[in-house]
Amino acid sequence: MYRMSEKPLISANEIRERVTTLAREIAAAYDYDILISALTGAYMFTADLTRELAKAEGAKVYQKTIAFIKASSYGNSTESSGKLQVRGLEKIDLKGMKILMVDDIADTGTTMLGLCKMLQEAGAQEIRTCVLLNKQERREVDLTADFVGFEIANEFVVGYGLDYANDYRFLPDIWTLQETN
Ligand code: 5GP
Ligand code: MG
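Here is what the cut-offs are and how they apply
- Residues numbered from 1 in each chain as written.
- Chains lettered and ligands numbered in written order.
- Predicted model: local features only at pLDDT ≥ 70, side-chain atom pairs only at ≥ 80, totals over all residues.
- Heavy atoms only, no water.
- Near = heavy atom within 4 Å.
- Polar contact = N/O pair within 3.5 Å; in protein donor to acceptor, adjacent residues only side chain to side chain.
- Areas by Shrake-Rupley, 256 points an atom, 1.4 Å probe, with all protein chains shown as cover.
- Helix = DSSP H or I, 4+ residues; strand = E, 2+ residues; numbered from the N terminus.
- Buried < 20%, exposed > 50% of the residue type's maximum accessible area, 1.4 Å probe, protein only.
- Pairing = 2+ DSSP bridges.
- Axes fitted to C-alpha atoms, helices over the stretch in contact; angles between N-to-C directions.
- Phe/Tyr/Trp six-rings, centres within 6.5 Å; stacked < 30°, edge-to-face > 60°.
- Contact = heavy atoms within 4.5 Å.
- Core = buried A, V, L, I, M, F, W, Y, C linked by side-chain atoms within 4.5 Å.
- Disulfide = S-S within 2.5 Å.

A. Highlighting the site of ligand 1. Within the structure, ligand 1 sits among 16 residues, and Thr108, Gly109, Thr111, Val157 and Asp163 are positioned closest to it. Interatomic distance of 3.5 Å between a backbone N/O atom of Thr110 and an oxygen atom of ligand 1. A total of 500 Å² of accessible area belongs to ligand 1 in isolation, and the protein chains cover 92% of it. Of all the secondary-structure elements, those providing two or more residues to the shell around ligand 1 are β5 (98-106), α3 (110-121) and β8 (156-158). Of all the elements, β5 adds the most residues to the shell around ligand 1, at four residues.

B. How the structure looks around the environment of Tyr62. You can see Tyr62 is positioned in the loop between α2 (43-57) and β3 (65-72). Given the relative accessible area of 67%, Tyr62 is considered exposed. For the pair Tyr62 and Lys95, spaced 33 residues apart in sequence, the C-alpha to C-alpha distance is 20 Å.

C. Focus on the sheet that holds strand β7 (residues 147-151). Strand order in the open sheet formed by six strands is β4-β3-β2-β5-β6-β7, and the pairing between neighbours is mixed. Strand pairing shows two members of the sheet lacking a second neighbour, β4 (85-87) and β7, which therefore form its edges. Going across the sheet, the axis of each strand differs from the next one's by a mean of 25 degrees, ignoring polarity.

D. Expanded view of the environment of Asp93. Within the secondary structure layout, Asp93 lies in the loop between β4 and β5. Distance from Asp93 to Ala124, taken between C-alpha atoms, is 8.8 Å for residues 31 residues apart in sequence. There is a polar contact of 3.4 Å between the side chain of Asp93 and the backbone nitrogen of Lys95.

E. Seen up close, the packing of aromatic side chains. A complete count under the given rule lists three aromatic pairs for this structure. Measuring from centroid to centroid gives 4.9 Å for Tyr2 and Tyr164, while their planes differ by 55 degrees, and the two rings are tilted. Of this pair, Tyr2 sits in strand β1 (residues 2-4) while Tyr164 sits in the loop between β8 and β9 (175-179); the two residues are 162 residues apart in sequence, bridging distant segments of the chain. For Tyr2, a relative accessible area of 23% gives the class partly exposed. The class for Tyr164 is partly exposed, based on a relative accessible area of 23%. What links up through ring pairs into an aromatic cluster is the set Tyr2, Phe156 and Tyr164.

F. Structural view of the side chain of Thr111. In this fold, Thr111 is placed in helix α3. For Thr111, a relative accessible area of 18% corresponds to the buried category. Thr111 has contacts with Ala71, Ser73, Leu84 and Asp103, leaving out every residue within four places of it along the chain.

G. Representation of the nonpolar core. In this structure, Ile26, Phe45, Leu49, Leu100, Cys130 and Leu133 are the most contacted members of the largest nonpolar core, which totals 26 residues. Residue assignment for this core shows that the elements contributing at least two residues are α1 (12-29), α2, β5, β6 (126-134) and β7. Ranked by residue count, the leading element in this core is α1, at five residues.

H. Seen up close, the state of the cysteines. Applying the stated criterion to the full structure yields zero disulfides. Of all cysteine sulfurs in the structure, the one in Cys130 sits closest to Cys116, which takes part in no disulfide; the separation is 12 Å. Judged by relative accessible area, Cys116 falls into the buried class, the value being 14%. We classify Cys130 as buried; its relative accessible area is 0%.

These values are about where atoms sit, not about what they do.
See below:
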């Protein structure tokens, strides 16, 4: 059994402020062609990030496209199964493209690293990664996210698009789930 922390780990206000500065960091550093977002966890982050990118990138943003893929490795547990399933990538023309790959969280890093390898194999010219949350302590593969919203400790978090067994996604803040007996 799990229960939510008493207070949010990261409030909606903190998220809003950080997403604004993160968009500025991206706009200053990387002129990508396609933003690819990994469903489902990154949907809320992606909606907010793209609106902030529109402000930060000016007219350049008119040329950018967005695509969604479905990456799953978690099932209904809080531990990664380690197997990456990806759907939707085959519909995107990646040849020669500069990609900004967006996900909710980098945990072991398996998902993001696997996605980057697939993008590369499909002919992407350049790939940079962006995650709202990074659990560096949990890393099992050689992945360094290029743009990170928040560094967090080794805790399971929900809200702002992130789920536990598909619950909690609608919450505007990010909360920690604590195990109870
Ligand atoms: P990784 O492949 O890096 O181990 O895991 C990445 C994926 O696992 C994320 O896209 C996310 O779906 C899920 N994940 C990892 N940590 C958490 C967490 O603390 N909370 C939630 N809700 N999902 C997580
Ligand atoms: Mg995910």
